[in-house]
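Fold and geometry: a report
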Amino acid sequence: MMNTANGMMSPSSSSGTAQSPGLKTYFKTPEGRYKLQYEKTHPSGLLHYAHGKTVTQVTLAHLKDKPAPSTPTASSSSFSASSGVRSAAARLLGGSNGSRALSFVGGNGGSKSNGGNSRIGSIGASSTTSSMANPNFDGKGTYLIFNVGDAIFISDLNSQDKDPIKSIHFSNSNPVCHAFDQDAKDGHDLLIGLSSGDVYSVSLRQQLQDVGKKLVGAQHYNKDGSVNNSRCTGIAWVPGGDGAFVVSHADGNLYVYEKNKDGAGDSSFPVVKDPTQFSVAHARYSKSNPIARWHICQGSINSISFSMDGACLATVGRDGYLRVFDYSKEQLICGGKSYYGALLCCAWSMDGKYILTGGEDDLVQVWSMEDRKVVAWGEGHNSWVSGVAFDSYWSSPNSNDNGETIMYRFGSVGQDTQLLLWDLEMDEIVVPLRRPPGGSPTYSTGSQSSHWDSVVPLGTLQPAPSMRDVPKISPLVAHRVHTEPLSGLIFTQESVLTACREGHIKIWMRPGVAESQSSNSENLLAASLKEKPSLSSRISNSSYKQ
């Protein structure tokens, strides 16, 4: 475990965390080195695990310029000491992911924690900025929102400070998933789902402006589990949905809400007649919120993800199935089963042609929406795959004349503490043929395997394919990035962010970006990495191989 998790980090060290033995501060790719630039984490004294431990998920939130000031802005003089570092970092990172807000595991996560009724608590007295406002709160800013234990933490991505600028604690339940909408029209742009089933929508800017001890201006949905009292497992804004959002639960149900309706609107749905079948029920009254219930599967929905245009919704669950729905038609398009065990995460490619899934079979599966089946398996993880994402900022060295993407870069993280990067070139994937009796397998771009005979009919869930039927790909890079099991990753224009379950986040700068950093920031990081590791770091590290 890292020093910070044991409260052994000195408060004066703010530009990085002491690196554990055996962990390198860079990894190599064909295009160059990715370098560890700095880290984000929670203040060690603010952790409360009274309601059971949760898995950290991270959401990247990009606040745009505020159209018109409604409150007095804070004086900038009190922040002059760090303004140089902040402005330098802002020039590098200010554009990070500005075109679209992304979140780990599709804005959700298969977090596990105990239930309980939700009630807003107070911010810890030792919160780093409880006595002043955030310098970015009234203008542009890119923030990391992450949950640890019973708290939500907000960090300024454009600052090298390790500690968050805001923390919000919940008294009787844990926040387990969250999502941000940078195109929100009326201010409420942040969603938070709790282990009790309760859901809140708030304004991120309003939370940053407020220096008090409460979550301010919150709209409360599913209060005290009135509609569904099972744990929230995922939450997502509907792209282009004008304030609509969906929440998935551990009992296999997903609910559709509209944020412009009263959160306390009466909603009652008929009993699910057949728990094994997909069904949709709509609320009886126009003022009801949620407005619809989708019963998707038996057991937990572990992750949800919308395609970039909002046309399709992908879900993965405890039953091991990926399901892809036409969101507006409320119809199942396709899906299929993992090779083994539950699926834990899913993510879309930017063009909507492919879906990544990962789970308990240690495989990264690549699904084709055109073929409606698995087209590749990524082998390289030694434990469960907990996060997957396409790198939409990576440009393929060879694109065809039509400008279509023929090679994709994606990443995955797992409980084996590794980050894996993969290149997928669809034209080069060979399809294994059926193994002849007593012979070795042969490969061909054509196939006589039943798995490849034709496009799967619409609305069909595929059984788990045979291992010999699916092409295998190997990772381009495999790098151990943390000492704790990982929970997610995010690609930005300048960096790759990795997060572990315990709430430590690392920012790895892309090749070229890292070289352009000022010598001052490099010296700060180098100095912090020379700190003597604690005894606990060496003990926990000894059980892993580099």
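Shown above is the structure to which this text applies.
Since this is a predicted model, take the numbers as computed values, not measurements.

Remarks on the overall build of the protein
Of the regular secondary structure elements, the protein holds 4 helices and 34 strands. Within the protein, the fraction of its 546 residues that count as buried is 56%. Counting every atom, the protein has about 21600 Å² of accessible surface; 49% of that belongs to carbon and sulfur.

A word on the sheet that holds strand β26 (residues 418–425)
An order of β24-β25-β26-β31 is seen for the 4 strands of this open sheet, with the pairing classed as antiparallel. Strands with a single pairing partner mark the edges of an open sheet, and in this sheet they are β24 (385–390) and β31 (477–480). The average undirected angle you get between the axes of adjacent strands in this sheet is 20 degrees.

Things to note about the pairing of strand β11 (residues 232–237)
Most of β11 sits out of view: 6 of its 6 residues are buried. Inspection of the sheet shows β11 paired to strand β12 (residues 244–249) by 5 bridges, in the antiparallel sense. By the bridge assignment for β12, Gly234 is matched with Ser248. Taken together, β11 and the strand that follows it, β12, pair antiparallel across an intervening segment of 6 residues, in which Gly240 is found at a positive phi of about 70 degrees.

Re the nonpolar core
Across soluble globular proteins, nonpolar side chains show a tendency to be buried alongside one another. Tyr143, Ile145, Ile154, Phe170, Leu204 and Leu208 are the most contacted members of the largest nonpolar core, which has 18 residues in total. Elements supplying a minimum of two residues to this core: β3 (58–63), β4 (141–148), β5 (151–156), β8 (190–194), β9 (199–202) and α2 (204–209). Here the element with the most residues in this core is β8; it accounts for 3 residues.

Quick notes on the sheet that holds β3
Where strands meet in a sheet, backbone hydrogen bonds hold them as pairs that are either parallel or antiparallel. Strand order in the open sheet formed by 4 strands is β3-β4-β5-β6, and the pairing between neighbours is antiparallel. Two strands bound the open sheet, and with one partner strand each, they are β3 and β6 (166–169). With direction set aside, neighbouring strand axes in the sheet form an average angle of 20 degrees.

Notes on the pairing of strand β19 (residues 331–337)
Taken together, the 6 bridges between strand β18 (residues 321–326) and β19 define a ladder with antiparallel strand orientation. Looking across to β19, one finds that Arg323 is bridged to Gly335. Direction of pairing for β19 relative to strand β29 (residues 460–462): parallel, over a ladder of 3 bridges. By the bridge assignment, Cys334 is partnered in β29 with Thr460.

Some details on the packing of aromatic side chains
As enumerated under the stated definition, the model contains 19 aromatic pairs in all. Plain terms: the ring middles of Tyr354 and Tyr408 are 5.2 Å apart, the flat faces sit at 75 degrees to each other, and that makes the pair edge-to-face. In this pair, Tyr354 sits in strand β21 (residues 354–359) while Tyr408 sits in strand β25 (residues 407–414), placing the two residues 54 residues apart along the sequence. The pair Tyr354 / Tyr408 is uniform in exposure class, with both members buried. Note on Phe410 and Trp422: the rings are 5.9 Å apart at their centroids and 15 degrees apart in plane angle, and the pair reads as stacked. Residue Phe410 is located in strand β25, and its partner Trp422 is located in strand β26; the two are separated by 12 residues in the primary sequence. We classify Phe410 as buried; its relative accessible area is 0%. Each residue in the set Phe278, Trp294, Phe306, Phe325 and Tyr327 is aromatic and connected to the rest through ring pairs, giving one cluster. Just above the ring of Tyr26 sits the side chain of Arg33; from NZ or CZ to the centre is 3.8 Å. The ring of Tyr321 carries the charged tip of Lys337 above its face, separated from the ring centre by 5.9 Å.

Topic: unusual backbone geometry
Residues Asn289 and Pro290 are joined by a peptide bond in cis, for which omega reads 15 degrees. Relative to the helices and strands, Pro290 is located in the loop between β14 (279–282) and β15 (292–295). Within the chain, Asp362 stands out as a residue other than glycine whose phi angle is a positive 65 degrees. Take Asp362: it is sitting in the loop between β21 and β22 (363–368). On the basis of relative accessibility, which here comes to 22%, the residue Asp362 falls in the partly exposed class. A positive phi angle, close to 70 degrees, is found at Thr417, a residue other than glycine. Looking at the element boundaries, Thr417 is found in the loop between β25 and β26.

Regarding the pattern of salt bridges
Between side chains of opposite charge, a pair can form when the charged atoms approach closely. All told, the structure shown has 8 salt bridges when counted by the stated rule. In this structure, Asp183 engages Lys64 in a salt bridge whose closest nitrogen and oxygen atoms are separated by 2.9 Å. One end of the pair, Asp183, is in the loop between β7 (175–180) and β8; the other, Lys64, is in the loop between β3 and α1 (80–93), and 119 residues separate them in sequence. Given the relative accessible area of 49%, Asp183 is considered partly exposed. By relative accessible area, Lys64 is classed as partly exposed at 39%. One salt bridge in this structure joins Arg409 and Asp423, with 2.5 Å as the shortest N-O distance. Of this pair, Arg409 sits in strand β25 while Asp423 sits in strand β26; the two residues are 14 residues apart in sequence, bridging distant segments of the chain. Among the ionic contacts, a cluster of salt bridges with common partners joins Glu31, Arg409 and Asp423.

Brief notes about the environment of Tyr408
Under the relative-accessibility criterion, Tyr408 is labelled buried at 7%. For Tyr408 and Ser392, which are 16 residues apart along the polypeptide, the C-alpha to C-alpha distance reads 8.4 Å. Each residue touching Tyr408, except ones within four places of it in the same chain, is listed here: Ser349, Asp351, Lys353, Tyr354, Phe390, Trp394, Trp422, Asp423, Leu424 and Met426. Within the structure, the side chain of Tyr408 is placed 2.5 Å from the side chain of Asp351, a separation counted as a polar contact.

Observations regarding the environment of Thr492
With respect to the helices and strands, Thr492 occurs in the loop between β32 (486–491) and β33 (495–500). Residue Thr492 is classed as buried on the basis of its relative accessible area of 0%. Between the C-alpha atom of Thr492 and that of Asp391, which follows or precedes it by 101 residues, the distance is 8.0 Å. For Thr492, the side chain forms a polar contact with the side chain of Ser495, separated by 2.8 Å.

As for the side chain of Asp150
Tracing the chain through its elements places Asp150 in the loop between β4 and β5. Here the side chain of Asp150 touches His169 through a polar contact of 3.1 Å, side chain to side chain.

Procedures and definitions
- Residues numbered from 1 in each chain as written.
- Predicted model: local features only at pLDDT ≥ 70, side-chain atom pairs only at ≥ 80, totals over all residues.
- Heavy atoms only, no water.
- Helix = DSSP H or I, 4+ residues; strand = E, 2+ residues; numbered from the N terminus.
- Buried < 20%, exposed > 50% of the residue type's maximum accessible area, 1.4 Å probe, protein only.
- Areas by Shrake-Rupley, 256 points an atom, 1.4 Å probe, with all protein chains shown as cover.
- Pairing = 2+ DSSP bridges.
- Axes fitted to C-alpha atoms, helices over the stretch in contact; angles between N-to-C directions.
- Core = buried A, V, L, I, M, F, W, Y, C linked by side-chain atoms within 4.5 Å.
- Phe/Tyr/Trp six-rings, centres within 6.5 Å; stacked < 30°, edge-to-face > 60°.
- Lys NZ or Arg CZ within 6 Å of the ring centre and 35° of its normal.
- Salt bridge = Lys/Arg side-chain N within 4 Å of Asp/Glu carboxyl O.
- Contact = heavy atoms within 4.5 Å.
- Polar contact = N/O pair within 3.5 Å; in protein donor to acceptor, adjacent residues only side chain to side chain.

These figures come from the coordinates and say nothing about function on their own.
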